[in-house]
Amino acid sequence: MAVDCNELVDILAEAATDPAALDRSARRHVEGCLRCQADMVQHRRVLRALRSLRTEVLEPAPGLVTEVLTHIEEAGERHAIRSLLTGRRVAYIGGLAAATAAAAGAGAIVIASRSRARRLPLAG
Amino acid sequence: MVTDAGTSSRPPRSYRRPDPEAMADLVARAQAGDDRAFEDLVTATHAETYTLARRLTGNDDDARDVVQEAYLRAYRSLGRFRGEARFTTWLYRITANCASTYVGRRRRHRHDELDDELVVVDASPELDPAARADASDLRDRLVAALDELPPKLRAVVVLRDVYDLPHEAIAAELGISESAAKVRLHRARRKLKDRVFPTRDEDDHPGGG
């Protein structure tokens, strides 16, 4: 019985990784059918491209690790993790405080130098 | 240009697998109750887990939710991990299960876009078949095609053809039979092929028949 291309669409998808999926009649059809041969080639190209995706990693936007740890903590699973998160917050707040202090110090120096610059002509 | 991971994540970078010995050491310490070791495990694997979740869900926000849930389940069941498989493979299975649950729950709330038989309408110009055919890079077309697949089909093809999980594991994590997993895989491959290589006229292939 003659095999039709449309009967093979799913079998060709399977045969991309398992040639045994083609029985003798299907194999004979594919050997004489340019359309099915082209489909097989395309399936193999897609498969190679899919496998190559395994070597990629997508970088998530920052904060995912903290989100994960917070989620676990909120689930009540991990009390000890609170100290880790607290440590992160302390470091963050400490960094903010240091930056604020540095900015305030720099501002004070600028103001002081401006006021001294204003006073100098009077002193002369 | 097709973007791979949505607007909230950065472009793909080359992948460097975590050192298995270091991972095994971290797992052992985490199993012994060392929370810092578990945090290090999360740090070492989160991008890879996110990548799988992103490929399974098709968008950044859902992927982040799936990652959070996957690590919670991993934390709860870490004591049952016996090391027969790599830790990352074990984590993939958990992530796949979480993604399946998440997508199923989402489908109950949103009846659009998630049905297997749903016809996807290409509303934006970059998804037009002609424009897609002009895309220069097979990989980009493939990633776009993956995102357009119904989630049920996408899950199977990603887990089998990208992450090389066996049919048995895929079926177990998705809650379906192995034969159903295979049927979905072949349908997914066919849909991907048809989208990556847009339909040709019968006349172009006189040998068909």
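Rules of the game
Residues numbered from 1 in each chain as written. Chains lettered and ligands numbered in written order. Predicted model: local features only at pLDDT ≥ 70, side-chain atom pairs only at ≥ 80, totals over all residues. Helix = DSSP H or I, 4+ residues; strand = E, 2+ residues; numbered from the N terminus. Buried ≥ 20, exposed ≤ 12 C-beta atoms within 10 Å, placed from the backbone. Contact = placed C-beta atoms within 7 Å. Domains from an automatic or database assignment. Nonpolar A, V, L, I, M, F, W, Y, C, P; charged D, E, K, R; others polar.

(A) Fine view of the overall build of chain A. Counting its regular elements, chain A contains 5 helices and 1 strand. Counting helices and strands in the order they occur from the N terminus, chain A gives α-α-α-β-α-α. A total of 124 residues make up chain A; the buried ones form 21% of that total. Looking at chain A alone, contacts between residues at least 24 apart form 39% of all its contacts between residues at least 6 apart.

(B) Representation of the environment of Glu 73 of chain A in the model. All names here are of chain A. Positionally, Glu 73 belongs in helix H4 (residues 64–74). A count of 17 C-beta atoms within 10 Å places Glu 73 in the partly exposed class. Along the primary structure Glu 73 and Cys 33 are separated by 40 residues, whereas in three dimensions their C-alpha atoms are 60 Å apart.

(C) The domain arrangement of chain B, seen in detail. All names here are of chain B. Parsing chain B into structural domains produces domain 1 (16–110) and domain 2 (112–200). On the domain 2 side, the residues contacting the 13 residues of domain 1 number 16 residues. Of all the elements in the fold, those that place two or more residues in the side of domain 1 that touches domain 2 are helix H2 (35–57) and helix H4 (87–109). Per-element tally for the side of domain 1 that touches domain 2: the top contributor is H4, with 8 residues. Of the residues contributing to the side of domain 1 that touches domain 2, the split by class is 6 nonpolar, 3 polar and 4 charged.

(D) Local environment of unusual backbone geometry. In this structure, Asp 164 of chain B is a non-glycine residue whose phi angle is positive, near 60 degrees. Within the element layout of this structure, Asp 164 of chain B appears in the loop between helix H7 (151–162) and helix H8 (167–174).

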